[in-house]
Amino acid sequence: IINEASKLPDSLTKSTNIVGNAIKYHPHGSDSIYGALVGLASPISNLPLSDIQGNWGGYGFRAAADRYTECKLSKLARFIFCQFSEYAEMVVGEIGLMEPKYLPCLLSYGLIAGQSGIGVGLSADVVPLNIMDLIDYQLEYIKTGTFNYMKTPRPDFGAMVIDMDDDECRKSVQGYRGWFCVKSIIKQESDTIFVIESLHDKKIEAVVKKLSKYIDTDQVDFRNESKTRERYVFEIVDRSVDPDKFKKDLEAATVKRSTFNRVFTNGNKSVYCSLNYVIEHQMQGLNDAIDRKIAREKEDAMKRSRLLRSLKFFREHTNVFS
């Protein structure tokens, strides 16, 4: 999708144009392709890659059909993911068309945004990482040739608290499999109103169920005010309820312990891999693309040089030939 979007002019276009171009290479159905595009472009994603127009969905409602939305790759996306796309290694795709084996990029989108799904027989749930931490981590590797464990990127779960110590967090990020414990930040807007604005990988129904002793007895009123962003409001309506005790119970109800496993494709196989394995392969792919760019520019320069020498020879001997 990113590769096809990068070939279009730098102006808004109907999303159905991008879907139509991408589906030529992987005929998985237009709804599937558009769903992936929404994931890349939606303003609620971890790293939106597109400038958009129209209804791209939010919390509680879906994006409009692709014929009603417009988008284009952002300047950031073109800089990170498309600078060297024309120098990508080309392979024959699943229906016989030539396509990039991978996009040579400055950063791995999978590491930034996180990914979940099944590919080539292995299920994956890749933890999203903080983009600024990842940049620092890769720069250190480029400068020194080694990875600095103490600068391991932190997970990025949005406005959530990571309820584990630093070393546990680093080990989970570094390995191909790990776990994370997170809990929501509770905003207290008044003596009786408490608001949650982010629930990572947890349904609000599960939180409400854990607080049933308050809600079912009409001690606390719950309202889902989510629109383009999450907003869940709990209001104490019974004065006998201790606000401090309720806040602690609310925080405990949002705790989520999740396991993650990092899977990436290597050729025609999927493999479990560490963070450093992914970065090493991503950087090698980038280096290979830069080598192809240099080789092509060298060849073009040699062609121009030969042409200039031929023109010089012709000019010096014009009088002789005449």
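Structure: see above.
Residues numbered from 1 in each chain as written. Predicted model: local features only at pLDDT ≥ 70, side-chain atom pairs only at ≥ 80, totals over all residues. Heavy atoms only, no water.

(A) Layout of the environment of Val182. Tracing the backbone through its elements, the reader meets Val182 in strand β9 (residues 177–184). Contact partners of Val182, with chain neighbours within four places excluded, come to Phe157, Met160, Val161, Ile162, Asp163, His200, Thr254, Val255 and Lys256. (Helix = DSSP H or I, 4+ residues; strand = E, 2+ residues; numbered from the N terminus. Contact = heavy atoms within 4.5 Å.)

(B) The packing of helix α2 (residues 15–23) against helix α3 (residues 30–41), seen in detail. Contact pair α2 / α3: the axes reach a minimum separation of 9 Å and the direction vectors enclose 115 degrees. Judged by the sense of rotation from one axis to the other, the crossing of α2 with α3 is right-handed. Where α2 approaches α3, its residues Ser15, Ile18, Val19, Ala22 and Ile23 are matched on the opposing element by Ser30, Ile33, Tyr34 and Leu37. Here the contact of α2 with α3 is built from residues that sort into 7 nonpolar, 2 polar and no charged. (Axes fitted to C-alpha atoms, helices over the stretch in contact; angles between N-to-C directions. Left-handed = near helix turned anticlockwise from the far one by under 90°. Nonpolar A, V, L, I, M, F, W, Y, C, P; charged D, E, K, R; others polar.)

(C) Quick look at a nonpolar patch on the surface. A cluster of nonpolar side chains, contributed by Met90, Val92 and Met98, occupies part of the molecular surface with about 290 Å² of accessible area. Residue placement: Val92 occurs in strand β4 (residues 90–92). Overall, the relative accessible area of 56% leaves Val92 in the exposed class. (Patch = residues over 30% accessible without salt bridge, like charges linked within 9 Å, V, L, I, M, F, W, Y side chains within 5 Å. Areas by Shrake-Rupley, 256 points an atom, 1.4 Å probe, with all protein chains shown as cover. Salt bridge = Lys/Arg side-chain N within 4 Å of Asp/Glu carboxyl O. Buried < 20%, exposed > 50% of the residue type's maximum accessible area, 1.4 Å probe, protein only.)

(D) Main features of the pattern of salt bridges. Summed over all chains, the structure comprises 18 salt bridges. Arg229 is paired through a salt bridge with Glu197; the nearest N and O atoms lie 3.4 Å apart. Here Glu197 lies in the loop between β11 (193–196) and α8 (204–210) and Arg229 lies in the loop between β12 (220–224) and β13 (232–236), a separation of 32 residues in the sequence. Taking relative accessible area as the criterion, Glu197 reaches 25% and is therefore assigned partly exposed. Taken together, the salt bridges that share partners define one network made up of Glu189, Asp221, Arg223, Glu225, Arg231 and Glu235.

(E) Quick peek at the sheet that holds β12. The sheet built from 4 strands is open, its strands ordered β10-β11-β13-β12 with antiparallel pairing. Only two strands of the sheet have a single neighbouring strand rather than two, namely β10 (186–188) and β12. Between one strand and the next, the sheet's axes are offset by a mean angle of 20 degrees, whatever the strand orientation. Contacting β10, β11, β12 and β13, helix α10 (residues 243–253) runs over the sheet at an angle of about 15 degrees to β11. (Pairing = 2+ DSSP bridges.)

(F) Looking closely at the nonpolar core. Counting residues in each nonpolar core, the largest one holds 45 residues, and the members touching the most others are Leu49, Phe81, Phe180 and Ile279. Ranked by the residues each element gives to this core, the list is headed by α3, at 6 residues. Apart from residues lying up to four places away in sequence, Ile279 is in contact with Leu111, Leu134, Tyr137, Gln138, Tyr141 and Phe147. (Core = buried A, V, L, I, M, F, W, Y, C linked by side-chain atoms within 4.5 Å.)

(G) Focus on α2. Looking only at α2, the buried set comprises Ser15, Ile18, Val19 and Ala22. Buried residues of α2 fall within an arc of 100 degrees about the axis and therefore sit on the same side. On its buried face, α2 is in contact with α1 (2–6), β1 (13–14), α3 and β3 (70–73). (Arc of directions from axis to C-beta.)

(H) Fine view of the packing of aromatic side chains. Applying the stated rule across the entire model yields 12 aromatic pairs. Pairing Phe180 with Phe260 gives two aromatic rings, centres 5.4 Å apart and planes at 70 degrees, and the pair type is edge-to-face. Within this pair, whereas Phe180 is found in strand β9, its partner Phe260 is found in strand β14 (residues 256–261), the two being separated by 80 residues in sequence. Owing to a relative accessible area of 1%, Phe180 belongs among the buried residues under this scheme. Judged by relative accessible area, Phe260 falls into the buried class, the value being 7%. Of note, Arg257 hangs over the ring of Trp179, and the distance from its end group to the ring centre comes to 3.8 Å. (Phe/Tyr/Trp six-rings, centres within 6.5 Å; stacked < 30°, edge-to-face > 60°. Lys NZ or Arg CZ within 6 Å of the ring centre and 35° of its normal.)

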